[in-house]
Amino acid sequence: MDVQYVAPKTLDEAIRAFAAAAGSGRILAGGTDLLVQMRNGIVSPGTIVDIKKIGELTSIEETKDGGFRIGAAVSGMVLREHPRLSKVWPGVVEAANLIGSTQVQGRATPGGNLCNGSPAGDSVPAMVAAAATVTIQGPNGRREMAVEKVPKGPGRLNLEPGEIVVSFNLPPRAKGSSDAYLRMIPRTEMDIAVVGCGVSLTMDKGTCTAARVGLGAVAPTVLLVEEAAKALIGSKLDEAALAKAAAACSAACRPIDDKRGTIAYRTKVAGVLLKRTALIAAERAGGK
Amino acid sequence: MSTTGSTKTPETANDNKWIGKRTIRPDGADKVTGRAAYAADTTMPGMIWGKVLRSPHPHARIKSIDTSKAEAYPGVKAVMTAKDIVNFPIDKSVMLGIQDMRWMCRNVMAREKALFAGHPVAAVAATTEKIAAEACKLIEVEYEVLPFVIDVEEAMKPDAPILHDFIKYKDKPSNIAGTLEHKLGDVGEGFAKADVVIERSFRTQPVHQGYIEPHACLVSVSDGKATIWSSSQGQFMVRAMCAYLTGLPQNDIRAIPAEIGGGFGGKTIIYLEPLALILAKKSGRPVKMTMTRGEVFHASGPTSGSYSTVKLGATKDGKLVAAQGTFCLQAGALPGSPIRGAAGCAFAPYDIPNVHSFGYDVVSNRSKVAAYRAPGAPIGAYGVECVMDEMAEALKMDPLEFRLKNAAKQGTKAAHGPVYPRIGFVETIEEAKKHAHYTTPLPKAKNGKLYGRGVASGFWFNAGGESSAQVNVNEDGTVVVITGHPDIGGSRASTANITAEILGIDYKKVSVLIGDTSVIGFSNLTGGSRVTYASAMVVTQSTEKVITQLRERAAKIWKIDPDAVVWENGEARPAGDNAGKFEPLSLGQIAAQASATGGPIGAGQQLNTTGAEGGFATHVCDVEVDPDLGIVRVLRYTAFQDVGRAIHPSYVEGQIQGGAAQGIGWALSEEYIYNKDGKLDNPSFLDYRMPVSSDLPMLDSVILEIPNPKHPQGVRGVGEVPLVPPLAAISNAVYNALGRRFYSLPMSPPKILATMDMAAD
Ligand SMILES: Cc1cc2nc3c(=O)[nH]c(=O)nc-3n(C[C@H](O)[C@H](O)[C@H](O)COP(=O)(O)OP(=O)(O)OC[C@H]3O[C@@H](n4cnc5c(N)ncnc54)[C@H](O)[C@@H]3O)c2cc1C
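Since this is a predicted model, take the numbers as computed values, not measurements.

**A short note on the interface of chain B and chain A**
Many authors give the size of an interface as the accessible area that is lost as the parts come together.
Okay, step 1: Taken together, the 23 residues of chain B in the interface contact 20 residues of chain A.
Okay, step 2: Counting each side, the surface lost to burial between chain B and chain A is near 1,900 Å², with a carbon and sulfur contribution of 53%.
Okay, step 3: Interface area lost by chain B to chain A is led by L629, R689 and P750 of chain B, which between them contribute 29%.
Okay, step 4: Where chain B packs against chain A, one counts six salt bridges.
Okay, step 5: In this structure, D626 of chain B and R276 of chain A form a salt bridge, with 2.7 Å as the shortest nitrogen-oxygen distance.
Okay, step 6: For the pair chain B and chain A, the number of links is 14 residue pairs in polar contact (both at pLDDT 80 or more).

This is the structure in structure tokens:
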């Protein structure tokens, strides 16, 4: 079967082309998941809609209130080179930059990472911790959704047919805020997260005043762990608070036993990573 | 440069001009620019594509195969099944090297039964790969699904599902397909004399050779004669096996070796070639076949997983008095696991008066194992060297000192047979002991990380065997050498070094080519660490014959007796009474007059080489362990090896580093994982975790040159023994860091944490 390839210049055209292809259409961002899946015969789209030619999807903007709008099809390298983004959201950028290798970084996008629907996608827990929302557009117009609401299960999304993720919206930052992301992989690179942990927090004179925790690869979807955040907020990130937050992370895990890690292992490591990630975020935010 | 520490580098150890020099490898530029032609790069006009239909079941009787729908599918040119392959009856063994054609004919295509998930059942050739794949799905195979067994210990149990009713052990149907025993002295008496006895059991998982290039071939048959381009470790093996399996005589098969993208033993056997040959014959078209990475994992040989028990006895003063080992190795679906390497090499580094080493060859429903770098030896050494470490600790001795005290030397009788000639094992330990790596203290525990150091030694047999070479002097005075060995580790460069050295000419004037089966005499596999060893012997003798011819030609030109001519520094010089009477003649000058003085100049030699004495190595490894995540990283690694003579030090180091890297993967992260349905669950490089370069530190090698007295240049095989010590060296280092011993590989993060948590409870 022949594959149709279209590369529209506007979002409206993309939405129309995607809708016209109905069930056989696929969005192509960096293609680092899609092309691999096509080669392995997992998907065989009839129409491929390339969204990398659309300005809104490939640009990063700092909004007036100090937030950021990141196009869904911005590559990891472009994220990394943005002069301000890494200063305000070092955790989001480091998570996106962990994806693949230098070559993969030139292609892979946060939109693709989210929409691939893998619970192990690296940028997703960091986005969840960052309280990012996504702007979605489809045949029925635009809407916004919290990042953690997008995945439904492995490979499945809460998007309506024909909807495209347009951008990620990062909220303005209070003073003394920062974030971090750590993942556990058996190798040093070119591997898939066995557990991923994103922490975003605000420190005020050594006390944590706000926090969010995202956990990857420990459940069918990336988790927002509110109990862990609660344990951190109001504390000085002392050993007791960290232990409580770690325990909350372990308790939130609903992992599987598979070739990549055992249930016991993932559950324990989720807690270990929480402690380490929170301390890095706090350090970046100005220290405990 | 990667070497550190060695004061006596091969470059400075002799006054050779080329031998021991780091010449530029002749195949290098083509490889880095992508111009080198691998088997999958080959195409032909009219070429079609072959694909294999594989069994989805780990164990099933094949009741019927209906290929009619596939045959009728548009674009399909030929379909084949086991019916098209020569059958070798079970009751008569037909050996080709280490492979038995009874098993080969059943491995390349399932005959009575499918014996593992991925076992070929049929193959199709069609105008495109896609059509061939679609047609495979139209083949109807009726299976009677049978109970299966994957694990070696399970397969040895009395009630295990039996793979082959013709295999009997102690008169009962069994999965134990063979045993091997080495005995020296009396272990009962030996253990009775021991003050300390330690016995432990060990498990390892099957690991794949992990060559980057998947199996590939192109076969053309015309006028009943077949030409095969393929990636293998031996074109003569390809020819012989295809002749056996297709019934063609060897003179009607020409096997052309393509550049090879790694083999590590895994390409000493064939999978696709006979299928492509039969499809080409049936269709009248050239047929190309390539495996996907998934097919490589599912159906080409890994090496065995194992279950072993090792028992050592020593006296208080640190002398080993008895050793016993039982090594149970998975053969995969058909007999032939490397028990010889496991049981034979395990105790070979040590002088122990009483040894009993026993190997079991066990079949189970996995792909048939293939050779992997020192086949079996790493498994044997893993158990022995871990118990050596524990014994040294029990005796309160330094682990290297303990090894030194028991090291085999010239005159030691090994349990597997030989009395050693001059060997360099002791030197590897002594060098390790005084090396900066071993004398530098480990880092102190910090940031929750723990540090440990481990050592281990190892032995590999090495091999001689058949090789052929032809050395031709060209009209312009340059030289072409043809050998019969695919070059995996830089052997063309080594061969050129030797030829240039003996002739006394510039390295650049020598080209080394690998001949196909129709242009060079029989040459056995590139395997067993034999190529540089054996090539050097036939190339040396060929070159010496050429020199004789060159002296004769000079004598003819000068009209003096050939005995009055010497060959020195790349030229013929008059000697004795004639010294100084004539201007010397260079190789180029003699070559230019070759026609007038008797015709072309060139000579060949063919030998069944012997005298490849064993190789010994000692490795030192430092690890850093993150005990909360269970991650082990190798921080520093130094390998000490007696190589006899390093003809080309860079490629010797490359072999040592490669072996150590593979050993690190085997110890820490690589394993075949099967799901509950008996299918391989991790058939990709994502989940079959070989180390990537950032996982490894620079792997240092210290080359020791204790010449092999039986070789013209003193060469010993170098390619395999580097994979023997790492498993135990790393295990011992992890113990040193954590204070917990691990008896099972890989020491993956979940396993480390589970063991640590058990300890904490
Ligand atoms: C060698 C290699 C290493 C890798 N390492 C990692 C790693 O370390 N960590 C990790 O998380 N991932 C890794 N990946 C996976 C992959 O690179 C990431 O998931 C990447 O972020 C995908 O982005 P992409 O733009 O290439 O997605 P694509 O392949 O273009 O798209 C992925 C999926 O999302 C859909 N899609 C894409 N964009 C949109 C959109 N805007 N709206 C709706 N649907 C959309 C596509 O249709 C497709 O189904 C690796 C992949 C490779 C090949």
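**Notes on the packing of helix 11 (residues 263-284) of chain A against helix 21 (residues 749-760) of chain B**
Okay, step 1: Two elements in contact, helix 11 of chain A and helix 21 of chain B, have axes separated by 10 Å at closest approach and are oriented at 80°. In terms of axis orientation, helix 11 of chain A runs roughly perpendicular to helix 21 of chain B. Facing Y265, K268 and V269 of chain A of helix 11 of chain A, the residues of helix 21 of chain B in contact are P749, P750, L753 and D757 of chain B.
Okay, step 2: Classifying every residue of the contact of helix 11 of chain A with helix 21 of chain B gives five nonpolar, no polar and two charged.

**Some points on the domain arrangement of chain A**
Okay, step 1: Here chain A is partitioned into domain 1 (1-52) and domain 2 (179-285).
Okay, step 2: The gap between the C-alpha centroids of domain 1 of chain A and domain 2 of chain A is 35 Å.

**A look at the packing of aromatic side chains**
Residue and element names in this part refer to chain B.
Okay, step 1: For the structure on display, the rule yields 23 aromatic pairs over all chains.
Okay, step 2: Note on Y350 and F425: the rings are 5.9 Å apart at their centroids and 75° apart in plane angle, and the pair reads as edge-to-face. With Y350 in the loop between helix 10 (339-345) and strand 21 (355-363) and F425 in helix 13 (residues 425-434), this pair connects stretches of sequence that are 75 residues apart.
Okay, step 3: What makes Y350 buried here is its relative accessible area of 3%.

**A look at the sheet that holds strand 32 (residues 699-704) of chain B**
Residue and element names in this part refer to chain B.
Okay, step 1: Sheet architecture is open: four strands sit in the order 22-30-31-32, paired in mixed fashion. Bordering the open sheet on either side are strand 22 (450-460) and strand 32, each of which pairs with just one other strand. Within the sheet, the average angular offset between the axes of one strand and its neighbour, ignoring direction, is 15°.
Okay, step 2: The pairing of strand 22 with strand 30 (residues 615-626) spans eleven bridges and is antiparallel. Bridging across to strand 30, A456 finds its partner in H619.
Okay, step 3: Along the sheet, helix 13 makes contact with strand 22, strand 30, strand 31 (631-642) and strand 32, crossing strand 30 at roughly 30°.

**Re the pairing of strand 31 of chain B**
Residue and element names in this part refer to chain B.
Okay, step 1: Within strand 31, ten of the twelve residues are buried, which leaves it mostly tucked inside the rest of the structure.
Okay, step 2: As paired elements, strand 30 and strand 31 share ten bridges and run antiparallel to each other. Paired with V620 across the bridge in strand 31 is T638.
Okay, step 3: What sits between the antiparallel neighbours strand 30 and strand 31 is a turn of four residues, in which G630 has the positive phi angle 75°.
Okay, step 4: In the sheet, strand 31 pairs with strand 32 via six bridges, with the strands oriented parallel. Each bridged residue has a counterpart across the sheet, and for Q641 the counterpart in strand 32 is I703.
Okay, step 5: Remark: the strand 31/helix 19 (residues 649-668)/strand 32 crossover connection has right-handed handedness.

The rules behind these values
Residues numbered from 1 in each chain as written. Chains lettered and ligands numbered in written order. Predicted model: local features only at pLDDT ≥ 70, side-chain atom pairs only at ≥ 80, totals over all residues. Heavy atoms only, no water. Contact = heavy atoms within 4.5 Å. Buried area = accessible area lost by both parts, 1.4 Å probe. Salt bridge = Lys/Arg side-chain N within 4 Å of Asp/Glu carboxyl O. Polar contact = N/O pair within 3.5 Å; in protein donor to acceptor, adjacent residues only side chain to side chain. Axes fitted to C-alpha atoms, helices over the stretch in contact; angles between N-to-C directions. Helix = DSSP H or I, 4+ residues; strand = E, 2+ residues; numbered from the N terminus. Parallel < 35°, antiparallel > 145°, perpendicular 65-115°, else oblique. Nonpolar A, V, L, I, M, F, W, Y, C, P; charged D, E, K, R; others polar. Domains from an automatic or database assignment. Phe/Tyr/Trp six-rings, centres within 6.5 Å; stacked < 30°, edge-to-face > 60°. Buried < 20%, exposed > 50% of the residue type's maximum accessible area, 1.4 Å probe, protein only. Pairing = 2+ DSSP bridges. Right-handed = clockwise from strand over helix to strand, strands pointing away.

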